[in-house]
Amino acid sequence: MNDKKLNPLRLVLLTVLIGYFAFLFTRPQPEEPLVTQAPAPATTPAPTATPTNCLGQITQVAQGANEIRLTITGSAERILVYTDQGNITAATPEVGSGGEYRIRTPGPATAVQLDDCPVLNLR
């Protein structure tokens, strides 16, 4: 075959390949779980007295720069994470399942609380 006729075809194939790889590297990432952020309290919360509606217990906490991972036994409807930048309230079905939960935070967490359970200070 004539090489001059193949040049436009090669150019089209090269453009398609470049477009495909550009799409792979620039496609949007999956959305993060929905969490609501509340304004920061004036002080770090103090532990509460004996709770009346505490059905869950935090068994393990792992903390990164911008997230916190929890392992919970029992059940809880919401997780409240205290940070210096503000509080984050997350619904447990939206941030994990099977007793393992992961919550994105704007900074390091200072305390964690399940529903009406006592506050667990992390400092």
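Residues numbered from 1 in each chain as written. Predicted model: local features only at pLDDT ≥ 70, side-chain atom pairs only at ≥ 80, totals over all residues. Heavy atoms only, no water.

Draft legend 1. Local environment of unusual backbone geometry. Notably, Asp 115 is not glycine yet its phi reads approximately 35°, a positive angle. Along the chain, Asp 115 falls in the loop between strand S8 (109–114) and strand S9 (120–121). The exposure class of Asp 115 is buried, given its relative accessible area of 13%. (Helix = DSSP H or I, 4+ residues; strand = E, 2+ residues; numbered from the N terminus. Buried < 20%, exposed > 50% of the residue type's maximum accessible area, 1.4 Å probe, protein only.)

Draft legend 2. Structural context of the state of the cysteines. With the rule as written, the count across this model stands at one disulfide. The residue that forms a disulfide with Cys 54 is Cys 117, at a sulfur-sulfur distance of 2.0 Å. Torsion about the S-S bond of the Cys 54 and Cys 117 cystine: about 105°, corresponding to right-handed handedness. Linking Cys 54 in the loop between strand S1 (36–38) and strand S2 (56–63) with Cys 117 in the loop between S8 and S9, this pair joins segments that are 63 residues apart in sequence. (Disulfide = S-S within 2.5 Å.)

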